[in-house]
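These are the residues of each chain, in order.
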Amino acid sequence: MNENIKEQAPQTEVIPVTEEKVEKKKKNKIAKRENNINGYFFVAPYAIVFAVFILIPVVLAVVLSFTNFNAIEFPDPVGFLNYITLLTNDETFMQYVLPNTVVYAVVVGVGGYVLSFILAWALCNLSKWPRTICAFIIYSPSLAAGVAMTVLWKVIFSGDQTGLLNSWLMSIGVINEPIIWLVSADYVLPIVIVIGLWSSMGIGFLSMIAGILNSDESLYEAAAIDGVQNRFQEMIYITIPQMKPQMLFAAVMAIVNAFQNGAVSAMLVGNPSPGYASQLIVNHIEDYGFLRYEMGYAAAVSVALLLIVQIFSKAANSLLTEKD
């Protein structure tokens, strides 16, 4: 019986490995290795730039934030002293810088983001050439450098009768004498916010236009059959769900630009600003890092700013990313 079972059991054939197959495998391995090397060559320029200008500075900032460094002597380790000072002893940061940054980020970041979407949606209802011209006009302020913007807005908010805003308000009888806009602490932050909004229609604005224009037209036709009656309903139920990737990109760009924008305030009214009225976190970093040469403390403030931006970016990502 056992002998019969042994005789019926199939025998596996041993396929001989020829030299040709071995050579083929070696050639495939060599080809894959060459492809990997080529890939590394293509990635290398970006990796080098990323490491030199982003990764290494961030790591150095984190390391310096735990030291007392005046840019001349060797850094002296102080542990968490800079962070404790920032949270408990820096009255300027808590009373002026942080509230100003929050107000600026909310108005310019969130307000500019909403305004970008509204303008993009409105422009996409125009024909090609009017849309292109209007989009270029709205986008062009974001290309202007800080110096050019400062020259333009200083002419508008000049504190004498030759200032465009003072001249216009006096001509219509709103004021009797010129207002010194760029010296008064009551007006500096609103002026910086207005300039920030004016220049906030950047690449995020263009990405929203691209997202709206690339929407699937068949969905609008199906929605009309299902009972969607006006353009507002189309925007809520069809346009926005289709362009969430573009909206996420625009949100991240708006957050980053809102928190890193401090050049306009410094060029317009100086650093520090009058009464710290328009002092933002970026200006606070420049004040301690390049005016007082307290590089360790400035690095700690920059790390705090990095964490704030990261938190807001994660929040935007969780809100606008589609969940499976």
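The following paragraphs examine the structure supplied in this document. (Residues numbered from 1 in each chain as written. Predicted model: local features only at pLDDT ≥ 70, side-chain atom pairs only at ≥ 80, totals over all residues. Heavy atoms only, no water.)

What follows concerns the overall build of the protein. When you go through the protein residue by residue, the secondary structure sums to 15 helices and two strands. When burial is assessed residue by residue, the protein has 32% of its 324 residues classed as buried. Counting contacts in the protein only where the partners sit at least 6 residues apart, residues at least 24 apart contribute 63% of the total. As presented, the protein carries roughly 20800 Å² of accessible surface, and 66% of it is formed by carbon and sulfur atoms. (Helix = DSSP H or I, 4+ residues; strand = E, 2+ residues; numbered from the N terminus. Buried < 20%, exposed > 50% of the residue type's maximum accessible area, 1.4 Å probe, protein only. Contact = heavy atoms within 4.5 Å. Areas by Shrake-Rupley, 256 points an atom, 1.4 Å probe, with all protein chains shown as cover.)

As for its position among the elements, Glu 234 is in helix H11 (residues 231-242). Overall, the relative accessible area of 18% leaves Glu 234 in the buried class. Only 3.1 Å separates the side chain of Glu 234 from the side chain of Arg 231, close enough to count as a polar contact. Non-local contacts of Glu 234, meaning those with residues more than four positions away in its chain, are made with Tyr 220, Val 228 and Thr 239. (Polar contact = N/O pair within 3.5 Å; in protein donor to acceptor, adjacent residues only side chain to side chain.)

With that settled, consider the environment of Gly 204. With respect to the element layout, Gly 204 can be found in helix H9 (residues 203-213). Residue class for Gly 204 comes out buried when judged on its relative accessible area of 11%. For the pair Gly 204 and Ala 250, spaced 46 residues apart in sequence, the C-alpha separation works out to 4.0 Å.

Another aspect to go through is the nonpolar core. Counting 38 residues, the largest nonpolar core has Tyr 113 and Phe 205 as the members making the most contacts within it. Of all the elements in the fold, those that place two or more residues in this core are helix H4 (91-123), helix H5 (128-139), H9, helix H12 (244-260), helix H14 (281-291) and helix H15 (295-320). Not counting residues within four places of it along the chain, the set of residues in contact with Phe 205 comprises Ser 116, Leu 119, Ala 120, Leu 123, Ala 135, Ile 138 and Tyr 139. Residues Tyr 104, Leu 182, Val 192 and Val 269 belong to the second largest nonpolar core, which totals 21 residues. (Core = buried A, V, L, I, M, F, W, Y, C linked by side-chain atoms within 4.5 Å.)

Cis geometry is found at the peptide bond from Asn 271 to Pro 272, where omega equals 5°. The residue Pro 272 is located in the loop between helix H13 (263-269) and H14 in this model. Positive phi values are uncommon outside glycine, yet Ala 71 reaches one of about 70°. Mapped onto the elements, Ala 71 comes out in the loop between strand S1 (67-68) and strand S2 (76-77).

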